[in-house]
Amino acid sequence: MWKRSFYVIWAGIFAVFWLITGTAYAAGGGGVITTDPTQHFHPKGKMPSEFTAELQNKWRQFLPFDDKRDFEEHQKGFIAAPDYKQIMAEAGHVAWDIGSYEWLLDGKDFDSIHPSLQRQAILNMNYGLYEVIPGIYQVRGFDLANISFIKGKTGWIVFDPLTCKETAAAALKLINEKLGDRPVVAVVYSHSHADHFGGVRGVVDIKDVNSGKVPVIAPIGFMESAVSENIYAGNAMNRRMFYQYGVLLPRSPFGHVDQSIGKNTAAGNTGLIPPTRVIEKDIEELTVDGVRMVFQNTPGTEAPAEMNTYFPDFKAFWAAENIVGTIHNIYTLRGALVRDALEWSKQINKAIYLFGQEAEVMFASHSWPRWGNERVLEVMRAQRDTYANLNNGVLHLANQGATINQIHNVYDVPKSLQQQWAARSYHGSVEHNSRAVINRYLGYWDANPTTLIPLSPEDSAPLYVEMMGGAKPILAKGKALYDQGKYRLAQEILNKLVYAEPQNQEAKDLLADVFEQIGYQKESPSVRNSFLAAALELRSGIPEGDTPKTSGPDMIQAMTTELWLDFLGIRLDSRKAEGHDFKINLVTPDNDEKFVVELSNATLTNIEGFQAKDADLTVTINRSDLEKTMMGAVDFDEQIKSGKAKLKGNREVYEQLKTMLVHFDLGFEIMPGTGAKDLTREQKPFEQEPFADTSGG
Ligand SMILES: [Zn+2]
């Protein structure tokens, strides 16, 4: 059954990529869903080994399982759960299914799951409406994030309306049913990630926002970050999501169990209503519907644009996504700019001294609240210190010579923090976060010239395999290491063999077995999923996908024309552009924008606000029409045919440009011999001398 599962990716969050990259994989609910987890065991899958089981037992002894406060807190204030487990998307598929993880509540310990991760996965099974304190409520377990409701004089102030319209609307319906019907009087976006704004159309009518009746409040820099953070490398990020988020893994003790900050992401209609009130100062106070709110902008922490909020009259601190039930990603494995652990720590410290001294409750956009000033401060301090120690401890070692290729084996969290649940590294593992700190300050090079211009793995592997005597002894040694539980040594040599012989299924299967055990052993679901996803692809290739017909007009509307033109520059195949030069003036009369788009030196650039006198071609199209092309709904040729786009000058350059643009495909290969080869490898084989013809024609 698992075989027929489609790739399931969150069209919600990443709808905008589908649209501009024309990628073709499915939106659904994430993984295969049934209530019997054992049904999803891969035919080639292996049970946890004795070594894995022994390690899990050690964790059960080492970690503070006697501290059960999180379990009291995650249940506290429970009001009601709905009588359904699934939320349907408007498109007809399942957008959300908390029931697919219910096997976690059977009380079994699984040796295929790190005990700490299993604990976190159970805590994230919160489902329904909860009271934080009288006047503040949360609906949890309807999406990756929580949606929060503050009771004003006349209605609800909604904090972070989830990823999609369907789940946000269901949450609003639930609270209105249980606590009485109230209108939504304001929406606050805590930060620029789509799981915190994408469902806004499920809680407000855009007419009420446009008329000024319902303000939409956001931190400084929100729109730029919300739209641009993931565009340029979008297709690569989406492909890597299959690893970090395990979107092709079945939900089972042997597959996807949790995503640290929640179970998973809902897959429905994602929208965006631009904010009407931007919080610009570091600290800014605002009263809405009688509710006093003190905002603390925290740019450059978990998101480029983010803010905490303090409610003085409730003595309640909203920590946005800056403090949740896990240490977060300094480097997120799907790919993103490395974040700043020191700044993150400093902003938490600022919150401690601004609000933490009197806060009686802390709640956030993920996880569960903490009650009592002492407990609030304990958690704030634990996370402040963990981020600061990560930054300082890693640089302390780097200044003594530890490199990006060693630091994860050297740096460890102080013992006292290891024993605090709030300081455990689920979302960002200690390993990948510590490497990220070095990457932020020193970059990816370890200063050994061998690694400055290293061979590509597929180029170096054949030499290693030859020197090691071929596949046979490598497989024998790999199996021996596997049998001894020495998985990281085993992966080192088997990985070489797989790169040298991508069609050697025996080698791929053994490497998959190794990855699987490492995945079972990891506390961070990001890391676990990455190993398990690679194992799955090695065993049975990349499954075929299906194409969703979702659209995200809000996101496209919010995307600047410049950003879209920049992305065309990325889509340009330089090799095909060689020898061509032209200038195109682009005019969009309805919003009064002008650009020069120039192809020169096989490179496509653009500049806003200018027109070239000697342009080869002038293209005039309203921005509102252009958006249909930007989202892939209407081909540009059709725009010309229908007269929406007018071409003046040499039409030939438009035809040329069309042939130079590549549509990115989400199905590119990561592990060797599992799918379509990456074509860029044909461009510059390493054996070639610098003066050989590398133009490819
Ligand atoms: Zn989030």
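Here the structure is a predicted model, which is why all the values come from computation and not from measurement. (Residues numbered from 1 in each chain as written. Predicted model: local features only at pLDDT ≥ 70, side-chain atom pairs only at ≥ 80, totals over all residues. Heavy atoms only, no water.)

### Section: the sheet that holds strand β8 (residues 184–188)
Consideration 1: Read across the open sheet, the eight strands follow the order β1-β4-β5-β6-β7-β8-β9-β10; overall the sheet is mixed. Strand pairing shows two members of the sheet lacking a second neighbour, β1 (78–80) and β10 (277–279), which therefore form its edges. Going from strand to strand, the sheet's axes swing by 25 degrees on average, the running direction of each strand aside.
Consideration 2: Relative to strand β6 (residues 147–151), strand β5 (residues 136–140) runs antiparallel, the two sharing four bridges. If you follow Val-139 over to β6, its bridge partner there is Ile-147. (Pairing = 2+ DSSP bridges. Helix = DSSP H or I, 4+ residues; strand = E, 2+ residues; numbered from the N terminus. Axes fitted to C-alpha atoms, helices over the stretch in contact; angles between N-to-C directions.)

### Considerations on empty space enclosed by the protein
Consideration 1: Under the definition given, this model contains seven cavities of 30 Å³ or more.
Consideration 2: Put simply, the second largest cavity is a space of about 150 Å³.
Consideration 3: For the second largest cavity, the lining is made up of 13 residues, of which His-42, Leu-249, Phe-254, Leu-536 and Arg-539 are closest to its centre.
Consideration 4: For the lining of the second largest cavity, the secondary-structure elements that each account for two or more residues are α17 (505–521) and α18 (525–540).
Consideration 5: The leading source of residues in the lining of the second largest cavity is α18, at four residues. (1 Å grid on protein atoms, 1.4 Å probe; cavity = no way out; pocket = protein on both sides within 12 Å on 5 of 7 lines; lining within 4 Å. Points joined across faces, edges and corners; volume = space filled by probe spheres on them.)

### Some points on the packing of aromatic side chains
Consideration 1: The tally for this structure, following the rule as stated, stands at 25 aromatic pairs.
Consideration 2: Relative to Phe-222, the ring of Phe-197 has its centre 5.5 Å away and its plane inclined at 80 degrees; by these criteria the two rings are edge-to-face. With a gap of 25 residues between them, Phe-197 in the loop between β8 and α6 (206–210) and Phe-222 in helix α7 (residues 222–228) connect regions that are remote in the sequence. The same class applies to Phe-197 as to Phe-222, namely buried.
Consideration 3: Linked through ring pairs, Phe-159, Phe-311, Phe-314, Trp-318 and Phe-363 together constitute an aromatic cluster.
Consideration 4: In this arrangement the basic side chain of Arg-119 is found over the ring face of Trp-421, its NZ or CZ atom lying 3.7 Å from the centre.
Consideration 5: Lying across the ring of Trp-156, Arg-182 places its NZ or CZ 5.2 Å from the centre. (Phe/Tyr/Trp six-rings, centres within 6.5 Å; stacked < 30°, edge-to-face > 60°. Buried < 20%, exposed > 50% of the residue type's maximum accessible area, 1.4 Å probe, protein only. Lys NZ or Arg CZ within 6 Å of the ring centre and 35° of its normal.)

### With respect to the packing of helix α9 (residues 341–356) against helix α10 (residues 373–398)
Consideration 1: α10 packs onto α9 with a crossing angle of 155 degrees between their chain directions and a minimal axis gap of 8 Å. Considered as vectors, α9 and α10 are oriented roughly antiparallel to each other. Judged by the sense of rotation from one axis to the other, the crossing of α9 with α10 is left-handed. Here α9 contributes Ala-341, Leu-342, Trp-344, Ser-345, Ile-348, Asn-349, Ala-351, Ile-352, Tyr-353 and Gly-356 to the contact with α10, which in turn contributes Asn-373, Leu-377, Met-380, Arg-381, Gln-383, Arg-384, Tyr-387, Ala-388, Leu-390, Asn-391 and Asn-392.
Consideration 2: Class assignment of the residues belonging to the contact of α9 with α10 gives a composition of 12 nonpolar, seven polar and two charged. (Parallel < 35°, antiparallel > 145°, perpendicular 65-115°, else oblique. Left-handed = near helix turned anticlockwise from the far one by under 90°. Contact = heavy atoms within 4.5 Å. Nonpolar A, V, L, I, M, F, W, Y, C, P; charged D, E, K, R; others polar.)

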